[in-house]
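Next come the chains, spelled out residue by residue.
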2 protein chains.
Amino acid sequence: MHQIDLHMEKDIFEGNTRLAEANARHLKAHGVRAFDLLGAIGSGKTALIEKMIPILSARGIRGGAIAGDVYGDDDFQRIVRTGIPAYNANTGKECHLDAHLVEHGLHHLPLDDIDILFIENVGNMVCPTDFQLGAEKRIIVISSTEGDDVVNKHPMMFRSGDIAVINKVDLAPLIGSDLDRMEADIRRYNPMMPIFRTNLKTGEGSEELLDAILA
Amino acid sequence: MHQIDLHMEKDIFEGNTRLAEANARHLKAHGVRAFDLLGAIGSGKTALIEKMIPILSARGIRGGAIAGDVYGDDDFQRIVRTGIPAYNANTGKECHLDAHLVEHGLHHLPLDDIDILFIENVGNMVCPTDFQLGAEKRIIVISSTEGDDVVNKHPMMFRSGDIAVINKVDLAPLIGSDLDRMEADIRRYNPMMPIFRTNLKTGEGSEELLDAILA
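Residue indices begin from 1 for each chain and proceed along its sequence in written order. Each chain is given a letter, starting from A, and each ligand a number, starting from 1, according to the order in which they appear as written. For a predicted model such as this one, the threshold for reporting local features is a pLDDT of at least 70, and the threshold for listing and counting side-chain atom pairs is 80 or more; totals across whole chains, interfaces and linings nevertheless cover every residue. Side-chain numbers come from the whole structure's heavy atoms, not from hydrogens or water.

With that settled, the discussion passes to the relation of the copies chain A and chain B. These two copies of the chain differ by a rotation about an axis and a displacement along the same axis. Least squares is the method used to superpose the copies, on C-alpha atoms of residues holding a pLDDT of at least 70 in both. Superposition of chain A onto chain B requires a rotation of 180 degrees combined with a translation of 0.0 Å along the rotation axis, giving an RMSD of 0.0 Å. Viewed as a symmetry operation, the transformation between the two copies matches a two-fold axis. Two residues form a contact once any of their heavy atoms are found within 4.5 Å. Of the interface residues in chain A, 100% have counterparts in chain B that sit at the interface too, so the contact is made through matching surfaces.

This is the structure in structure tokens:
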């Protein structure tokens, strides 16, 4: 975040947390379980939604999504093509979704027709960490192409997360990324975090990941 | 950036711009040309420095660097191994370098022994855009692995930049990224921006890129 007056920052976080709690109650009242997806641009957050929707559907579970981006609707359009209800949340200049933007999204979605809601945050590994949105779990998606030092550069993100996804594992040998180093770094910051190695282009690891999300 | 009081935000930006201008004067007084590197985690900002230093050295030009990260010294250690003077700027929680952090860095570097200073920002495509640091040009580094919609998601970054680098071009076919789309999107936001396609692992495109940086 930017360097701002600490008292004001505390007020912003407290206000956001209250709204996030209201979102959680709103979701629960409609029987919706929500999951927050965090990670850098191109890590595979949208691909995760694309892969999970048909698996959910085959299990008789109805999906929905909020696509968060600074600008544009590239991710939103990909999600719309999966056939689920979706809302495009553009932040304008902000580097993260906040509970207020998500509240808007909830009012635009048919919550009674949704069982599982994915909330895809802005592609950024720093700012989203501080802002709870009202989701049940945080799924942190990283890609082997980001370099195997990516975890060590973002301890707060992994401390705040519930499930870790190391994606694009097929490209690790081409990049020279050591997946074991990535896992070891995650364990150092969050020893109990379940870690999944996936290729979300092919779907490798998707079923196991979805089981952990729904657990 | 986070949603904060607009008046305060204006004060922060104006204060930062004054410090950036002071940094620019400080650099000029020591005969140093500085270049800001912006881009996501893993786009290749550190790799760019690693590739440029030997080429600069062969041309009799002395390099230096400031490595900006939220946490840790992974990038800093890679830069140190190139043999140039370097300073590790950890932001703690902040998502971007600001002119004040760079000012600190300048006081820790032997500026009279440096001709070209690379200032590597935190890996993030949103927040660094707003903060001038005192550098001569902004080099925006993106990777084909981030997906070919990465430019369209970050128009402000490309509007604010001077040189665009599309890196890891060898991986584009594996990811299914359309490099022509990326270039077309850059041209839409910044028609005059020079664009280079590189593979900074092998050095492909490095000499041409350096010529443009020094132009």
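Now that the structure is up, let's keep going.
Under the UniProt annotation, "domain: CobW/HypB/UreG nucleotide-binding" (unreviewed entry) lies at residues 37-196 of chain A. Helix and strand assignments come from DSSP, with helices taken as H or I runs of at least 4 residues and strands as E runs of at least 2, each series counted from the N terminus. In residues 37-196 of chain A, helix accounts for 31% and strand for 21%; the two terminal C-alpha atoms are 14 Å from one another. UniProt positions are given in the numbering used here, feature names are shortened, and annotations may be inferred rather than shown by experiment.

With 44 residues of chain A in contact, the opposing surface of chain B contributes 44 residues. Both faces combined, the contact of chain A with chain B buries some 4100 Å², and carbon together with sulfur accounts for 59% of it. Basic side-chain nitrogens of Lys or Arg form a salt bridge, by our definition, when they fall within 4 Å of a carboxyl oxygen of Asp or Glu. Applying the counting rule to chain A against chain B returns 6 salt bridges. Across the pair B:Arg181 and A:Asp74 runs a salt bridge, and its minimum N-O distance is 3.1 Å. Throughout this description, a polar contact denotes any pair of N or O atoms lying within 3.5 Å of each other; where both atoms belong to protein, one of them has to be capable of donating a hydrogen while the other can accept it, and for residues adjacent in sequence the pair is counted only when both atoms sit in side chains. Summed over the shared surface of chain A and chain B, the number is 12 residue pairs in polar contact (both at pLDDT 80 or more). Listed by contribution, the elements that provide at least two residues to the side of chain A that touches chain B are helix 1 (6-29), helix 3 (74-80), helix 6 (172-175) and helix 7 (179-189) of chain A. Residue composition of the side of chain A that touches chain B, by class: 21 nonpolar, 8 polar and 15 charged. Throughout, buried area stands for the accessible area (probe radius 1.4 Å) lost by two parts on being put together, summed over both. As a working rule, the residues Ala, Val, Leu, Ile, Met, Phe, Trp, Tyr, Cys and Pro are called nonpolar, Asp, Glu, Lys and Arg charged, and the rest polar, with Gly in that last group.

It is worth spelling out the pairing of strand 1 (residues 33-38) of chain A at this point. Residues and elements named next belong to chain A. Only protein chains enter the accessibility calculation, which uses a 1.4 Å probe; a residue whose area is less than 20% of its type maximum is buried, one above 50% is exposed, and one in between is partly exposed. Across the 6 residues that make up strand 1, a large majority, 5, are buried. Any two strands between which DSSP finds at least two bridges are classified as paired. As paired elements, strand 1 and strand 5 (residues 137-143) share 4 bridges and run parallel to each other. The residue bridging Leu 38 from the neighbouring strand is Ile 140, located in strand 5.

Moving on, we come to the pattern of salt bridges. This structure, assessed with the given rule, holds 30 salt bridges over all chains. Among the ionic pairs, B:Lys93 bridges to A:Asp130, the shortest N-O distance being 3.2 Å. You can see B:Lys93 sitting in the loop between strand 3 (86-90) and helix 4 (99-108) and its partner A:Asp130 sitting in the loop between strand 4 (116-120) and strand 5, one on each of two chains. You can call B:Lys93 partly exposed: its relative accessible area is 37%. The closest approach of N and O atoms between B:Arg33 and B:Glu136, which form a salt bridge, is 2.5 Å. Linking B:Arg33 in strand 1 (residues 33-38) with B:Glu136 in the loop between strand 4 (116-120) and strand 5 (137-143), this pair joins segments that are 103 residues apart in sequence. Several salt bridges converge on common partners, so that one network encompasses A:Asp74, B:Asp148, B:Arg181, B:Asp185 and B:Arg188.

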